[in-house]
Amino acid sequence: MSYVLPEPLKLAFWGGERTILKRDAMLVKVSTDGGVVGYGPGAGSEAAQKEIVEEVRPLLMGQEVERWPELRGSAGAAEVALLDLAGKAEGRPVSELLGGRVRDRIRLYGSGGMYMPPEEYAEEAAAIAGMGFGAYKMRPGIGPEGDLEAVAQMRKAVGPEVGLMIDAHTWWRMGDRSYSFALVSQLYREMAAYRPVWLEEPLPPEDHEAYRRLRREGSFGLASGEHEQTLEGFLDLITTQAVDYVQADVCCQGGFAMGEKLFDAAAAHGVEFAFHSWGTQLEVLAAAHLGITRPESVVSWLEFPCHGRGKRPGMYRFDLAEDILAEPLPIESGYLTVPRTPGLGVQVDETVVHRYPHRPGPWSYFRLDSPAETYAVVSDHSVKFVAV
């Protein structure tokens, strides 16, 4: 499915311009002859759809629901839907199928802010904090001085108690104007005065040694992981303590099984886990079911994308993200309480399938000034970008 913006959104950053055309999402449905239905989110990419249609569907067709534990490994992008189905068939919530919850709720941070003047970051940070979120994440990239000023103004706007996360994913995507290691190190030290929770992906994500060098400076937390492609890559981040927070996405990076392995590794090496979640509220809930199987000391944060709608603060609209559920998620004071009802515990509104037909192609583009290049961003968030 696709939510197409009324007009392309053009956002200038230090070294180019980003254009956002739409946002994609996937709804996976698994059903039985007896009428039990399971739903789950997918990566929203054409590659994920092809995997489900050509590989997963033939493997699951004709199977008994009771065999779900052995079918998980072959379910791939349909794993969440399979467990939602199994939970409903057995009368148990998904969290119980994943080993059992150790808590009922998980801490969220409001995620927004992309390439705007410092005062606008500050206004949005205050608005998101006003909605009850205990932390706010923004995406800098307006130049070194502007980025530092944005963090300073955000701290002033929200006061000392609200957490601030800085997702510097643009700093290594600016072509010839990408921030050098020395500049990143300088900003890391200077931003520490405003006590952020973490600095996320300030360096190319595959350069783990650079993260280890930067972390030795110890200014404040470092985070990375959403672009890792293998378990070995994640384990290198964790076991060498290249970061303070390791991040992964349930939909794009190995599902529940990968998450469980990362939780155990993070706990063993003193690293915290923080979910990457950049899609619909169904994705947020799926991650939450997994997250509450570990204490907050291990799984510390779950990302909640804040999209504006009506008078509600947030970034560009993505109505599909919340319309996929018949009722809003139970969020209070920045915490999501995970339902105890069978499966994921929510009612999916299937009308979104017809209301938001898919429009093929990338959802976003980075245009660089120097060298003059353009990169596409697909809805599998573990893929860095694609040259076009």
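Structure's up top.
What comes next concerns the included structure. Not measured: the values here are computed from a predicted model. (Residues numbered from 1 in each chain as written. Predicted model: local features only at pLDDT ≥ 70, side-chain atom pairs only at ≥ 80, totals over all residues. Heavy atoms only, no water.)

### Concerning the overall build of the protein
And step 1. Each helix and strand in the protein was counted, giving 13 helices and 17 strands.
And step 2. For the protein, the spread of C-alpha atoms along the principal axes amounts to about 60 × 45 × 40 Å.
And step 3. Classification of the 388 residues of the protein by burial places 57% in the buried group.
And step 4. Within the protein, contacts between residues at least 6 apart in sequence are counted, and of these 70% link residues at least 24 apart.
And step 5. When the 38 basic and 55 acidic side-chain charges of the protein are each reduced to a single mean position, those positions are 2 Å apart. (Helix = DSSP H or I, 4+ residues; strand = E, 2+ residues; numbered from the N terminus. Buried < 20%, exposed > 50% of the residue type's maximum accessible area, 1.4 Å probe, protein only. Contact = heavy atoms within 4.5 Å. Lys, Arg positive; Asp, Glu negative; His and termini not counted. Charge placed at Lys NZ, Arg CZ, Asp CG, Glu CD.)

### Re helix 10 (residues 255-269)
And step 1. Its 15 residues place the ends of helix 10 22 Å apart at the C-alpha level, agreeing with the 21 Å of an ideal helix rising 1.5 Å per residue.
And step 2. Where helix 10 is concerned, the buried positions are Gly 255, Phe 256, Met 258, Gly 259, Glu 260, Leu 262, Phe 263, Ala 265 and Ala 266.
And step 3. Downstream of helix 10 by one or two residues, Gly 270 has phi in the positive range, about 70°. (Expected span 1.5 Å × (residues − 1).)

### Overview of the sheet that holds strand 2 (residues 16-24)
And step 1. The strand order 1-2-15-16-17 describes an open sheet built from five strands, whose pairing is antiparallel. Both outer strands of the open sheet, strand 1 (2-13) and strand 17 (386-387), are each paired with one neighbouring strand and no more.
And step 2. Two elements, strand 16 (residues 373-377) and strand 17, share two bridges in a ladder whose sense is antiparallel. Note that in strand 17 the partner of Tyr 375 across the bridge is Ala 387. (Pairing = 2+ DSSP bridges.)

### Focus on the environment of Asp 176
And step 1. Relative to the helices and strands, Asp 176 resides in the loop between strand 7 (163-167) and helix 7 (181-191).
And step 2. With a relative accessible area of 57%, Asp 176 lands in the exposed category.
And step 3. Separated by 114 residues in the primary sequence, Asp 176 and Leu 290 place their C-alpha atoms 40 Å from one another.
And step 4. If we skip the residues at most four places from it in the chain, Asp 176 touches Ser 370 and Pro 371.
And step 5. Only 2.6 Å separates the side chain of Asp 176 from the side chain of Ser 370, close enough to count as a polar contact. (Polar contact = N/O pair within 3.5 Å; in protein donor to acceptor, adjacent residues only side chain to side chain.)

### Brief notes about the pairing of strand 15 (residues 364-368)
Moving residue by residue along a regular strand, the side chains alternate between the two faces of the sheet.
And step 1. A one-sided burial pattern is seen for strand 15, the buried positions being Ser 364, Phe 366 and Leu 368 and the unburied ones Tyr 365 and Arg 367.
And step 2. Relative to strand 15, strand 2 is paired through five bridges, and the arrangement is antiparallel. Following the sheet pairing, Gly 16 is matched in strand 15 by Leu 368.
And step 3. One ladder, built from five bridges, connects strand 15 with strand 16; its direction is antiparallel. Paired with Arg 367 across the strands is Thr 374, a residue of strand 16.
And step 4. Joining the antiparallel neighbours strand 15 and strand 16 is a turn of four residues.

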